Number of protein chains: 2
Amino acid sequence: MMQKKVFQFSHSSVNYYFDSSFLNLKDITDPKNTIIITDENVYTAHEKKFKPWNSIVLKPGEQFKVQATVDSIIGQLIEMGADRNTVLVGVGGGVISDLAGFIGCIYMRGIQFGFVPTTLLSMVDASIGGKNGIDVGFYKNMIGCIKQPSFILHDLDFLKTLPEKEWQNGFAEIIKHAAIKDAAMFEELEANKLSVYQKKIQSTALLIQRNAILKTKVVQKDEFEQGDRKLLNFGHTLAHALENQYDLTHGEAVAIGMAFAGKISQEYSSFKEADRLIKLIDKYGLPVTAGYNHNKVFDILQSDKKRENDLVNFILLKSIGKAYIEKISLEKLYNLL
Amino acid sequence: MMQKKVFQFSHSSVNYYFDSSFLNLKDITDPKNTIIITDENVYTAHEKKFKPWNSIVLKPGEQFKVQATVDSIIGQLIEMGADRNTVLVGVGGGVISDLAGFIGCIYMRGIQFGFVPTTLLSMVDASIGGKNGIDVGFYKNMIGCIKQPSFILHDLDFLKTLPEKEWQNGFAEIIKHAAIKDAAMFEELEANKLSVYQKKIQSTALLIQRNAILKTKVVQKDEFEQGDRKLLNFGHTLAHALENQYDLTHGEAVAIGMAFAGKISQEYSSFKEADRLIKLIDKYGLPVTAGYNHNKVFDILQSDKKRENDLVNFILLKSIGKAYIEKISLEKLYNLL
């Protein structure tokens, strides 16, 4: 059942429409002033939904989350006569919300934008928090802004066409949320399995809402990532270094990153449950280790955005549900790899 | 004599160092963490000043205020190891502050930046207010953000090498400020002339500070341009349409735009002093009319950022020192041209 919630951020508020329908979008934003940004996968699978809307349809995939795509979208917006009253709506996964959000930030110095996340990962993570960005070469999200969308609308109908890999991707971030902030959810995940969530869409709806709100509250307290928001990077420092170099999905890379961070946590803190964490990651069909070129990965780590001079802010666990920031030197990190 | 003033904006405060020296920059930002962005003209004329600083030196000119330059700067920042603690300092005219500010907005989702404006125009206008942007084809500032710099430092030494044209450019914006907000300053300008200001740098210092503060106060009240800030666009709607198509400086284009807006003001309001305005513009060596292709200019006006559906927000005068916003339809505007 549709639920509207309003969350206040530093400079604006965001309307969340949980468990809603794409049909309601026209009550939120006027089709005459709205331009949808989506990708071919989503568009083809749900063509009817897009009928009443002006749409820009992109090629799908992280390799298009780059400046050339931004240039092309801007050209199309100018051609379509988009002005300061235009509302952009990103309908898709994280790549689409990153692109739509970034362009919403910079087109005519900022126009309104909203998201309809169509993947589990995007519903629980990518669409939330106002961070957007594009990649530059191997460097992920090197360019972007932090700006909140005006609204986020969930239509679980989109999950019906979601490939298995994408479900696993979403659960990587759900496991992350549980590991850093919610021991009870961690236990719930241990007691369930992926195929059950895929069948019982209503219990998945609750899990999605719980995760979206968990992330939202972390962001609300620390929108510009001075403290607590950094904890959401659990598993992501290594993940970002792996993801663009090897043929891994974001979820797979995060899964490997979390397993790695779990093991390091045992060296740095009193954490003793790396095996339990690894078991849960594995249960949801995600990898926990990978062969990779350590020097190549280290090169990328060196230019990670979370680096401060020679120290990397690494997120570790004290216990399941409790994370903290450990500053680890590049040298030490090299040895740990 | 150096004067420090702190101005509070919506999300941050900006330190202004009026009538200061470039040598003081090292007390504001640590050279180890700082990267200067400047152009060949400024760099060559003041090479000694740049010795202690890491610098990125660009080709000068508005034609380089485009995405290709942004791409190149980002590549250099990555190579130089710029991270979240890096401070960018734009040393130059409006093109440089636009580029440095935009990149400060988007590099790693935002890093600190400051400005050392080296032209009169930039001191009284371009460096102030947090608007930045790049051009897309004929469309000026189509892409950008609104974000305040951390600091602005004035060193009047830079004005010594300023070409005559650049002085005139600066006075176009000074006349604009007087016309929309400060009748007393308008009279002062009428009583003086350019060559006097060029000789008496100390009275120019006062004029610069007065104009910088005038603009700052307008922006403070309306940072995101919902109301009063729009008045600063006096002369600019036509100017932007002219500037990229014809070989005009920004000041020349604004001068022509102000003369045009002055004449329209007499049709729409009780304004009677178009001739007085035109006389002052002319006195400072600026053009008040130009031959141009009306259809070409109209095409650009149609996609002006200040357009709202079929209406253009045009800034007109009620009297010298008092401006207001008139919504003029595209059709009517076409006839006025």
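The rules behind the values
Counting restarts for each chain: residues are numbered from 1 in the order of the written sequence. Chain letters start at A and ligand numbers start at 1, both assigned in the order the entries are written. In view of the model being predicted, local features appear only for residues whose pLDDT reaches at least 70, and side-chain atom pairs are presented and counted only at 80 or more, with totals across whole chains, interfaces and linings using the full set of residues. Side-chain measures were taken over the full set of non-hydrogen atoms in the model, leaving aside hydrogen atoms and water. When DSSP finds two or more bridges between a pair of strands, those strands are recorded as paired. For the purposes of this entry, the term helix denotes a DSSP run of H or I that reaches at least four residues, the term strand denotes a run of E that reaches at least two, and both are numbered from the N terminus. Axis definition: a line fitted to C-alpha atoms, over the contacting stretch in the case of helices. Angles run 0 to 180 degrees between N-to-C directions. Throughout, a residue-residue contact means that at least one pair of heavy atoms, one from each residue, lies within 4.5 Å. Computed with a 1.4 Å rolling probe, the buried area is the accessible surface lost when two parts are put together, summed over both parts. One side-chain nitrogen of Lys or Arg within 4 Å of one carboxyl oxygen of Asp or Glu is enough to make a salt bridge. Polar contacts here mean pairs of N or O atoms no more than 3.5 Å apart (in protein, one a potential hydrogen donor and the other a potential acceptor; neighbouring residues in sequence count only if both atoms are side-chain atoms). The residue classification treats Ala, Val, Leu, Ile, Met, Phe, Trp, Tyr, Cys and Pro as nonpolar and Asp, Glu, Lys and Arg as charged. All others, Gly included, are polar. pLDDT runs from 0 to 100 and stands for how confident the predictor is about each residue. Each residue gets one of three labels from its accessible area relative to the maximum for its type: buried under 20%, exposed over 50%, partly exposed in between, using a 1.4 Å probe on protein chains only. Put simply, a nonpolar core is a bunch of buried Ala, Val, Leu, Ile, Met, Phe, Trp, Tyr and Cys residues held in one set by side-chain atoms that sit within 4.5 Å of each other. Roughly parallel means an angle under 35 degrees; roughly antiparallel means over 145; roughly perpendicular covers 65 to 115; every other angle is labelled oblique. Crossing handedness follows the turn of the near helix against the far one: under a right angle anticlockwise gives a left-handed crossing, and clockwise gives a right-handed one.

1. Quick word on the sheet that holds strand β5 (residues 87-92) of chain A
For sheets, the rule is that strands pair by backbone hydrogen bonds, running either parallel or antiparallel.
Residues and elements named next belong to chain A.
Logical step 1: Spatially, β1-β2-β9-β6-β5-β3-β4 is the arrangement adopted by the seven strands of the open sheet, whose pairing is mixed. The strands lining the two open edges of the sheet, one partner per strand, are β1 (3-8) and β4 (54-58). The average angle at which neighbouring strand axes cross in this sheet is 20 degrees, direction not considered.
Logical step 2: Here two bridges tie strand β6 (residues 112-117) to strand β9 (residues 151-153), and the two strands are oriented parallel to one another. Within the sheet, the bridge partner assigned to Phe115 lies in β9 and is Ile152.

2. Notes on the interface of chain A and chain B
Logical step 1: With 34 residues of chain A at the contact, the number on the chain B side is 34 residues.
Logical step 2: Carbon and sulfur atoms make up 57% of the surface buried where chain A meets chain B, a total of about 2,900 Å² over both sides.
Logical step 3: Our enumeration of links across chain A and chain B arrives at two salt bridges.
Logical step 4: With a closest N to O distance of 3.9 Å, A:Arg84 and B:Glu225 form a salt bridge.
Logical step 5: In this assembly, chain A and chain B are joined by seven residue pairs in polar contact (both at pLDDT 80 or more).
Logical step 6: Secondary-structure elements contributing two or more residues to the side of chain A that touches chain B are α4 (67-79), α5 (94-106), β8 (139-143) and β10 (307-308) of chain A.
Logical step 7: Across the side of chain A that touches chain B, the residue classes tally to 13 nonpolar, 11 polar and 10 charged.

3. Some remarks on the confidence of the model for chain A
Logical step 1: With 98% of its residues at a pLDDT of at least 70, chain A reaches an overall mean of 94.
Logical step 2: Predicted complex metrics record ipTM = 0.90 and pTM = 0.91.

4. As for the environment of B:Glu326
All names here are of chain B.
Logical step 1: The residue Glu326 is located in strand β12 (residues 322-329) in this model.
Logical step 2: Each C-alpha atom, one on Glu326 and one on Lys272, is 17 Å from the other, the two residues being 54 residues apart in sequence.
Logical step 3: Not counting the four nearest positions on each side in its chain, Glu326 is found in contact with Tyr268, Val312, Asn313, Phe314 and Leu316.

5. Comments concerning helix α11 (residues 236-243) of chain A
All names here are of chain A.
Logical step 1: Counting buried residues along α11, eight of its eight residues qualify, which places the element largely inside the surrounding structure.
Logical step 2: All buried positions along α11 are accounted for by His236, Thr237, Leu238, Ala239, His240, Ala241, Leu242 and Glu243.
Logical step 3: Against β8, α7 (164-181), α12 (250-268), α14 (294-302) and β11 (311-319) lie the buried residues of α11.

6. Description of the nonpolar core
Within soluble globular proteins, side chains that are nonpolar generally end up buried alongside one another.
Logical step 1: By size, the foremost hydrophobic cluster in this structure holds 76 residues, and its most contacted members are B:Leu120, B:Phe171, B:Ile175, B:Leu189, B:Phe234, B:Tyr284 and B:Phe314.
Logical step 2: Ranked by residues supplied to this core, first place goes to helix α12 (residues 250-268) of chain B with nine residues.
Logical step 3: Each residue touching B:Phe234, except ones within four places of it in the same chain, is listed here: B:Lys176, B:Ala179, B:Ile180, B:Val254, B:Met258, B:Ala261, B:Leu277, B:Ile315 and B:Leu317.
Logical step 4: With 75 residues, the next largest nonpolar core counts A:Leu159, A:Phe171, A:Leu280 and A:Leu330 among its residues.

7. Focus on the packing of helix α8 (residues 183-191) of chain B against helix α13 (residues 274-283) of chain B
Residue and element names in this part refer to chain B.
Logical step 1: It is the contact of α8 with α13, at a shortest axis distance of 10 Å, that shows an interaxial angle of 50 degrees. On the basis of the axis angle, α8 is oblique to α13. Every pair of crossing elements has a handedness; the one defined by α8 and α13 is left-handed. Contacts from Phe186, Glu187, Leu189, Glu190 and Ala191 in α8 reach Arg276, Leu277, Leu280 and Lys283 in α13.
Logical step 2: Its residues assigned to classes, the contact of α8 with α13 shows five nonpolar, no polar and four charged.

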